[in-house]
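A look at the structure
Here's the letter readout for the chains.
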Amino acid sequence: MENIIDVINNAAEYIADSIKFTPEIAIILGSGLGPLADEVQSPVVIKYSDIPGFHASTVKGHAGELVCGMISDKKVIVMSGRFHYYEGHDMDAVTLPIRVFAKLGIKKLIVTNAAGGIKSSLNPGSIMLITDHLSYMCPSPLRGPNLDEFGPRFKDMTEVYTKEYIEAARMTAKEHNIPVDEGVYCFFRGPQYETPAEIRGIAILGADAAGMSTVPEAIVARHCGMKILGISLITNKAAGLSPTELSHSEVTAIAKKAELNMVTLVKNTISRL
Ligand code: HPA
């Protein structure tokens, strides 16, 4: 098997050769949040299948490409589609893009997702700024030999989601009259949705929303020393909190309705980071 450092270096080299500029911010788009990719000016589009070491995206609603260019006068790389643990990837594959971005010199990350709301104020269509996360259910993406060139063996996780970025998003939301909530995101491995008992359990532990992504990427990004803004789009009440069953089509339908607010929020926050 190819050494992980070689995989990272080869992918970074391929992207650097393709875009010919130094990106400043990486943005990961969650389910149904794809339209932000259309906001990229002078885009260079790179398919995951063309990047050495990258897998194809298997999830409906995830394009599976990097869209590189300008948003709000900042040079960005937008990941339209991400890799999930539930697709069968190991954590090195799930978080490969983050380390590739670090190699490209990126120090700022915006990570978005669709999530189920647990806190009573979170309803379908709500936007939640992530203040912290629970990773109990998440196999650590830092397990195994430490990649010393990226970060230390035992990395502090006191402030995964950068306070000044949360404040920047709050200010943008206020300016554009977009209601935003804040809370703690809890990772579940999926792909099945949670049981009501699981949701009641993590609510006791302090979770405000549940989802199947973001935490592995955020842990690796912090390990690399990146500053992170995390935003959840609440697409449904979490299991047991709504009278209807959960479905992926409900998740994408709500994401579609709320996408304008998400796009406005992210686009206008970028210039503040
Ligand atoms: N649980 C987990 N992941 C999700 C949910 C949920 O309720 N909604 C959207 N993604």
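Residues numbered from 1 in each chain as written. Predicted model: local features only at pLDDT ≥ 70, side-chain atom pairs only at ≥ 80, totals over all residues. Heavy atoms only, no water.

Per an unreviewed UniProt entry, the protein carries the name Purine nucleoside phosphorylase and comes from Eshraghiella crossota DSM 2876. According to UniProt, the comment filed for the protein under the heading Function (unreviewed entry) is "The purine nucleoside phosphorylases catalyze the phosphorolytic breakdown of the N-glycosidic bond in the beta-(deoxy)ribonucleoside molecules, with the formation of the corresponding free purine bases and pentose-1-phosphate. Cleaves guanosine, inosine, 2'-deoxyguanosine and 2'-deoxyinosine." For the record of the protein, the UniProt heading Sequence similarities (unreviewed entry) holds the text "Belongs to the PNP/MTAP phosphorylase family." (UniProt positions renumbered as here; feature names shortened; annotations may be inferred.)

Topic: the side chain of Thr 235
The topology assignment puts Thr 235 in strand S9 (residues 227–237). Of note is the side chain of Thr 235, whose polar atom sits 2.8 Å from the side chain of Asn 236. In contact with Thr 235, not counting residues within four places along its chain, are Ala 114, Ala 115, Pro 124, Glu 250, Val 251, Ile 254 and Ala 255. (Helix = DSSP H or I, 4+ residues; strand = E, 2+ residues; numbered from the N terminus. Polar contact = N/O pair within 3.5 Å; in protein donor to acceptor, adjacent residues only side chain to side chain. Contact = heavy atoms within 4.5 Å.)

Here we look at the pairing of strand S5 (residues 108–117)
Within S5, 10 of the 10 residues are buried, leaving the element largely enclosed by the surrounding structure. Here 4 bridges tie strand S1 (residues 25–29) to S5, and the two strands are oriented parallel to one another. Of the residues in S5, the one forming a bridge with Ile 27 is Ile 110. For S5 and S9, the ladder comprises 10 bridges, and the chain directions are parallel. (Buried < 20%, exposed > 50% of the residue type's maximum accessible area, 1.4 Å probe, protein only. Pairing = 2+ DSSP bridges.)

Some points on the UniProt feature "binding site: phosphate" (unreviewed entry) in the protein
Here, UniProt's "binding site: phosphate" (unreviewed entry) annotation points to Ser 31, His 62, Arg 82, Phe 83, His 84, Ala 114 and Ser 213. Along the chain, Ala 114 turns up in strand S5. Contacts of Ala 114, omitting those with residues within four sequence positions, involve Ser 31, Gly 211, Leu 233, Thr 235 and Val 251. When you line up the elements, Ser 213 lands in the loop between strand S8 (209–211) and helix H5 (215–223). Overall, Ser 213 belongs to the buried group, its relative accessible area being 7%. Setting aside residues no more than four positions away along its own chain, Ser 213 makes contact with Arg 82, His 84, Asn 113, Tyr 185 and Phe 187.

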